[in-house]
Amino acid sequence: MRPAAEAAGLTVAAPTAPARTRRQLPTSPWLFAAPGLLVTGAFVLYPFVSTVVNSFTDRRTLLPGRFVGLANYRELLHDDMFWTGLRNSTLYIAGVVPALVILPLLLALLVHRNIPGITFFRSAFYTPVVASVVVVGLIWVWLLDERGLVNSLLETVGVGRVGFLSDQWLLLLSAMAVTVWKGLGYYMIIYLAALANVPRELHEAAAVDGAGPVRRFLTVTVPAVRSTMVLVAALSSVAAFKVFSEVYLMAGPSGGPAGEDTTLVMLVQRTGTGLTGRVGYASALSVVVFAVTVALMLLVLRADRREES
C-alpha cells in the first residue's frame, strides 16, 4: 500500500512510534533501595562498627571511655569466666549440632510420605518452633525441677530425684535437650524441601538392585541431601555457639552453680548491662563471638568443598 501511494505522489505519514518511557535517572535504583539500606545501616552496620570501636576503649554505661588499645583483649586471656563461657559454648556445639543434623533428617523421612493424617504430625512436630523460647524454657524448668513432673515419675519408679537444674553438667545437657527439641521442626522443614527434589527413580533403582531401607538411606538419600546437611550444620553451629535463652532460663542469671554453666553470650549480657556495665569489655567479648562464628561457618564450608573435590 505505501509504495503504491508514493508512486502516485501521495505523502504517507509514518506510523507513530509508541511513546517512549521517560529515561530513568541514575539514582532511581538507589531510591528504591534506600529504605532497606537505611534500616540495615542503622540497625546492623552502625551497631557492628560501634561495637568494634568500643572494644578498644574502657567505656562504661554512663561514661564515654577512652582508648585503651588491646587491653580488653589481653584481659580476656586472663579471665577465667571467659574460658568457662568458651568451654560451655564449644560443648554446646558438640552436643547440639550432630543431633540437629541427623534427627531432623530422620524425622523428615518419617513425615515425607503422603499418608492419611500426616499433616497433623507435621504440624505437631513444627509447633515448638513457633512457640516462644521463654514459654518453652519455663515449661522445661517446671518439668525438670526438683519437684517437677520428671522427678516425681523417677521417684515413683524408685530411681530417686535427679538434680537436672542443680548439677553443672546435667543442667547443660538439659539446656541442650531443649535446644534440640525446639529446633527439630525447623530443620525438618528444610530437609523436607530437599527430599522433595530427590528423584524417586534412584530409590526404585536401588530397590531393584536389592538395597534395603538402610542402604538406600546411606547410598541415595544422604548423598542427595548432603548440601542441605552442610547448611543445617552451619546454621545450627552458629545458633548453638550464640545460645542464650535456654541456658539463661534454666540456669538463671548467675549461670548455674558458681556460674559454671555460663556461655559467652550470657557473659556479654552480664558484663555489659546495668549502670556499671563494662561496655568496652563486653564489646571485646562480642567481637570474639563474631570472629568464632565466622570461623565456624568457614570451616563447615571448607570441609564441604574438600569433600566435593
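Rules of the game
Residues numbered from 1 in each chain as written. Predicted model: local features only at pLDDT ≥ 70, side-chain atom pairs only at ≥ 80, totals over all residues. Heavy atoms only, no water. Helix = DSSP H or I, 4+ residues; strand = E, 2+ residues; numbered from the N terminus. Buried < 20%, exposed > 50% of the residue type's maximum accessible area, 1.4 Å probe, protein only. Lys, Arg positive; Asp, Glu negative; His and termini not counted. Salt bridge = Lys/Arg side-chain N within 4 Å of Asp/Glu carboxyl O. Contact = heavy atoms within 4.5 Å. 1 Å grid on protein atoms, 1.4 Å probe; cavity = no way out; pocket = protein on both sides within 12 Å on 5 of 7 lines; lining within 4 Å. Points joined across faces, edges and corners; volume = space filled by probe spheres on them. Nonpolar A, V, L, I, M, F, W, Y, C, P; charged D, E, K, R; others polar. Axes fitted to C-alpha atoms, helices over the stretch in contact; angles between N-to-C directions.

Engineer: Hey, could you run me through the side chain of Glu246 in this one?
Structural biologist: Tracing the backbone shows Glu246 in helix 12 (residues 245-251). Among buried charged residues, Glu246 stands out as having no salt bridge; its nearest opposite-charge side chain is Lys182, 6.9 Å away. The contact partners of Glu246, leaving out residues within four places of it in the chain, are Tyr92, Val133, Ala175, Val178 and Thr179.

Engineer: How do you make sense of the layout of surface pockets when you look at a structure like this?
Structural biologist: Remark: the empty space left among the atoms is shown by a probe the size of a water molecule rolled over them. Size it by volume and the largest pocket reaches roughly 670 Å³. Forming the walls of the largest pocket are 15 residues, and the residues nearest its centre are Leu109, His112, Arg113, His203 and Thr221. Those elements that provide at least two residues to the lining of the largest pocket are helix 9 (200-208) and helix 10 (213-224). In terms of residue count, helix 10 provides more of the lining of the largest pocket than any other element does, 5 residues in total. For the lining of the largest pocket, a count of residues per class yields 8 nonpolar, 4 polar and 3 charged.

Engineer: What exactly am I supposed to notice about the environment of Glu204 here?
Structural biologist: Here Glu204 is to be found in helix 9. For Glu204, a relative accessible area of 45% corresponds to the partly exposed category. For the pair Glu204 and Arg216, spaced 12 residues apart in sequence, the C-alpha to C-alpha distance is 9.5 Å.

Engineer: Help me understand the environment of Leu149 in this model?
Structural biologist: Checked against the element boundaries, Leu149 lands in helix 7 (residues 149-156). Separated by 96 residues in the primary sequence, Leu149 and Val53 have C-alpha atoms spaced 49 Å apart.

Engineer: Just checking my understanding: could you explain the packing of helix 4 (residues 80-111) against helix 13 (residues 264-272) for this structure?
Structural biologist: To describe two helices that pack against each other, one gives the angle between their axes and the distance between the axes. Running from N to C, helix 4 and helix 13 point in directions that differ by 145°, and their axes come no closer than 7 Å. From helix 4, Met81, Phe82, Gly85, Leu86 and Ser89 reach across to helix 13, where they touch Leu264, Leu267 and Arg270. Residues that form the contact of helix 4 with helix 13 fall into these classes: 5 nonpolar, 2 polar and 1 charged.

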